[in-house]
Amino acid sequence: MTRKHDITLTINGHDHAITVDARRTLADAIRDQCGQTGTHIGCEHGVCGSCTLLLDGVPVRSCLIFAVQCVGVAIRTVEGLAQGDELHPLQRSFIEHHALQCGFCTPGFLMLAVGILENEPNISDADLRAALSSNLCRCTGYANIVKAVRAAADELRAGP
Amino acid sequence: MKPAAFEYHAARSVEEAVATLAEVAPDQGRILAGGQSLVPTMAFRLATPEHLVDINGIEELGRLAVEDGVLSIGACVRHAAFHRPVTDGGLGAILTFMAGHIGHYPIRQRGTFCGSLAQADPSSEWCLAAVTLDATITAQSTRGRRTIAGADFIQGIMTTALEDDELLVETRIALPAADTRFGFAEFSRRAGDFALAMALVSFRLSGGVMHDARLGIGGAEDHPRRIPQAEAALDGQPPGSQAFEAAAAAVAAALDPMEDAGTSAQYRRELAQCLARRALESAAESAAA
Ligand SMILES: Cc1cc2nc3c(=O)[nH]c(=O)nc-3n(C[C@H](O)[C@H](O)[C@H](O)COP(=O)(O)OP(=O)(O)OC[C@H]3O[C@@H](n4cnc5c(N)ncnc54)[C@H](O)[C@@H]3O)c2cc1C
Ligand code: FES
Ligand code: FES
């Protein structure tokens, strides 16, 4: 028998006290035990990016980190982007630029983009395209995703 | 797929990490660094370690420093630390360029330089750097510390000189002479994939001819290595297409490339030849620091 771990995950500013096996990935823990199902799971081995979220402001694959490793870390997921009824500029931009169809990949792309733009607000077009190549979308095609993120980047830079 | 059960140990110091590792290594205990190779392998159940010793909480292992002409890279220094040059001059710039070829942006936020060496994937950019630039690797266990040369450390596909109870503590790279020029080129079929072949080169110039040439090839054979025949084709020659073609031809002649379903040995050989030439051309173009 392996040991169980009593941990607290801080997701979008809210504490969730849960008990996990060490083998439980962060993606599974936040979905199954914290009820935050906005973060999607596709490949479970780091390739697709649908599980991308922010750990202390940095985009990571939540299928490649164990929940026990995430105590005391600020976790941000797609559920934390909108302020009440007010969508995040990236969410609005995805709608305006038709950057999603089925939406399965969208939470991962949004969190990837939020992380990139918060860390590199002046990112070049070439670097942005390279960074967005981190995630897979099976239906939209990437051109509209790049457009949406570019437009949101310009809006965020211009300020409210 | 989900990883199999294991016992988790969060180490707070290097001493604690190696003491725990000494205890659990006989039961398939392993170090957990960035997890960007280990966790996928566990998800596929290709690895089923019974214990993981997490080193991410060990502050001293996050050390990235340039001191006394040496770049020291601690075990918890992430790939993303190289997104901006870590030193002035050609070395910092080439490491930044190479880092951009490792997986994807989020992978680089977690994966570590030293973890790449411990993993020893044939297509690892950092393994190629360690071998070509003569890195020195420090390993520690309860039996003490030792240092291992980069070329002796990487022994084959996912095979290194590390013993099961040893922690790779840091990697050191001597800063090159300020006038050293660097070039790197790799090819992969899709962004973020492991490369099918890659080349890292450096040389110095004096009196219009190259000297101290280094030329390493990764991804083509089961581990990266320098190609002495190619380096000999560069030393004493002026930089230019004649010497570069000769060195690239020497690469093709020296390699015994891997084969897989999608990639023949001949294809990898020609790819390595082409990449060696491209890396040399970009070194020639790069301004000497
Ligand atoms: C989608 C994807 C694409 C990728 N593409 C590339 C690529 O193009 N090029 C590339 O080089 N890599 C690539 N990687 C792998 C990535 O670079 C890993 O970060 C790296 O190979 C391992 O470093 P880590 O810190 O994540 O180690 P971990 O995954 O934590 O560990 C890997 C292995 O090394 C051992 N280990 C780690 N650190 C130490 C230490 N300090 N002492 C002793 N043993 C240790 C572990 O026990 C384990 O066996 C990719 C990964 C993914 C998921
Ligand atoms: S589910 Fe994490 S990268 Fe695919
Ligand atoms: S919108 Fe369907 S996978 Fe991207």
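Anyway, here's the lowdown on the structure attached to this text. (Residues numbered from 1 in each chain as written. Chains lettered and ligands numbered in written order. Predicted model: local features only at pLDDT ≥ 70, side-chain atom pairs only at ≥ 80, totals over all residues. Heavy atoms only, no water.)

### Side note on the overall build of chain B
- Helix and strand counts for chain B come out as ten helices and 14 strands.
- The C-alpha atoms of chain B give a radius of gyration of 19 Å, which matches the 19 Å a tight globule of 289 residues would have.
- Counting only C-alpha atoms and orienting by the principal axes, one finds that chain B spans roughly 60 × 45 × 30 Å.
- For chain B, the residues scored as buried account for 54% of the 289 residues in total.
- Put simply, 61% of the contacts in chain B that link residues at least 6 apart link residues at least 24 apart.
- With the model as given, the accessible surface of chain B reaches about 11,700 Å², and the carbon-plus-sulfur share is 48%. (Helix = DSSP H or I, 4+ residues; strand = E, 2+ residues; numbered from the N terminus. Rg over C-alpha atoms; globule rule 2.2 N^0.38 Å. Buried < 20%, exposed > 50% of the residue type's maximum accessible area, 1.4 Å probe, protein only. Contact = heavy atoms within 4.5 Å. Areas by Shrake-Rupley, 256 points an atom, 1.4 Å probe, with all protein chains shown as cover.)

### Let's talk about the pattern of salt bridges
All names here are of chain A.
- Taken as a whole and judged by the stated rule, the model has 25 salt bridges over all chains.
- Its salt-bridge partner being Arg150, residue Asp125 comes within 2.6 Å of it at the nearest N-O pair. One end of the pair, Asp125, is in helix H4 (residues 125–132); the other, Arg150, is in helix H5 (residues 142–158), with 25 residues separating them in the sequence.
- Of the residues examined, Asp125 reaches a relative accessible area of 49% and is grouped as partly exposed.
- Given the relative accessible area of 16%, Arg150 is considered buried. (Salt bridge = Lys/Arg side-chain N within 4 Å of Asp/Glu carboxyl O.)

### Describing helix H10 (residues 265–285) of chain B
- When the terminal C-alpha atoms of H10 of chain B are compared, their 30 Å separation across 21 residues agrees well with the 30 Å that a helix rising 1.5 Å per residue should span.
- Turning to H10 of chain B, the residues buried within the fold contact strand E11 (181–187), strand E12 (197–206), strand E13 (209–218), helix H8 (228–234) and helix H9 (241–254) of chain B. (Expected span 1.5 Å × (residues − 1).)

### Remarks on a nonpolar patch on the surface
All names here are of chain A.
- The grouping of Val47, Leu136 and Tyr142 at the surface amounts to a nonpolar patch, some 250 Å² of accessible area in total.
- Position of Val47 relative to the elements: it lies in the loop between helix H1 (26–33) and strand E3 (52–55).
- In this structure Val47 comes out as partly exposed when scored by relative accessible area, which is 42%. (Patch = residues over 30% accessible without salt bridge, like charges linked within 9 Å, V, L, I, M, F, W, Y side chains within 5 Å.)

### Side note on the sheet that holds E13 of chain B
Residues and elements named next belong to chain B.
- Overall, antiparallel pairing links the four strands, which are arranged E11-E12-E13-E14 in an open sheet. Two strands lie at the open edges of the sheet, namely E11 and strand E14 (225–226), each paired on one side alone.
- Bridge analysis of E11 against E12 gives seven bridges, and the strand direction is antiparallel. Following the sheet pairing, Glu186 is matched in E12 by Met198. (Pairing = 2+ DSSP bridges.)

### Notes on the site of ligand 1
- Taken together, 33 residues form the shell around ligand 1, and within it Ile31, Gly35, Ser37, Leu38 and Thr112 of chain B come nearest.
- Residues within reach of ligand 1 are spread across chains A and B.
- Within the backbone of Ala33 of chain B, an N or O atom sits 2.9 Å from an oxygen atom of ligand 1.
- A distance of 2.8 Å separates an oxygen atom of ligand 1 from a polar atom in the backbone of Gln36 of chain B.
- Look at ligand 1: alone it shows 970 Å² of surface, and the protein chains cover 94% of it.
- The set of elements that each furnish at least two residues to the shell around ligand 1 consists of strand E2 (29–32), helix H5 (113–119) and strand E10 (167–174) of chain B. (Near = heavy atom within 4 Å. Polar contact = N/O pair within 3.5 Å; in protein donor to acceptor, adjacent residues only side chain to side chain.)

### Notes on the sheet that holds strand E6 (residues 136–141) of chain B
Residues and elements named next belong to chain B.
- Ordered by their spatial adjacency, five strands build an open sheet running E4-E5-E10-E6-E7, and the pairing between neighbours is antiparallel. Only two strands of the sheet have a single neighbouring strand rather than two, namely strand E4 (64–67) and strand E7 (144–149). Each adjacent strand pair in this sheet contributes to an overall mean axis angle of 20°, direction not counted. (Axes fitted to C-alpha atoms, helices over the stretch in contact; angles between N-to-C directions.)

### What to know about the interface of chain B and chain A
- Listed as interface residues are 29 residues of chain B and, on the opposing side, 27 residues of chain A.
- Buried area between chain B and chain A, summed over both chains or domains, comes out near 2,400 Å², and the portion from carbon and sulfur atoms is 59%.
- Interface area lost by chain B to chain A is led by Tyr8, Tyr105 and Pro106 of chain B, which between them contribute 26%.
- Where chain B packs against chain A, one counts three salt bridges.
- Applying the counting criterion to the chain B and chain A interface returns nine residue pairs in polar contact (both at pLDDT 80 or more).
- Breaking the side of chain B that touches chain A down by element, the ones donating at least two residues are strand E1 (7–10), helix H2 (38–43), strand E3 (51–54) and helix H4 (105–110) of chain B.
- Top element by residues in the side of chain B that touches chain A is H4 of chain B. It accounts for five residues. (Buried area = accessible area lost by both parts, 1.4 Å probe.)

### Some details on the environment of Glu170 of chain B
All names here are of chain B.
- Mapped onto the elements of the fold, Glu170 is located in strand E10.
- For Glu170 and Leu275, which are 105 residues apart along the polypeptide, the C-alpha to C-alpha distance reads 30 Å.
- For Glu170, the residues in contact, after removing those within four places along its chain, are Arg63, Ser72, Ile73, Gly74, Cys114, Thr136, Ile137 and Thr138.

### Here's the deal with helix H2 (residues 89–96) of chain A
All names here are of chain A.
- Among the residues of H2, Pro89, Leu90, Gln91, Ser93 and Phe94 are the ones counted as buried.
- On its buried face, H2 is in contact with helix H3 (106–119) and H5.
- Count one or two residues on from H2 and you reach His98, which has phi positive near 55°.

### Quick notes on the environment of Ala120 of chain B
All names here are of chain B.
- Relative to the helices and strands, Ala120 resides in the loop between H5 and helix H6 (125–132).
- As a C-alpha pair, Ala120 and Arg146 span 26 residues in sequence and 19 Å in three-dimensional space.
- Sequence-distant contacts of Ala120, that is, excluding residues within four places in its chain, are made with Cys127, Ile154, Gly156, Ile157, Met158, Thr159 and Thr160.

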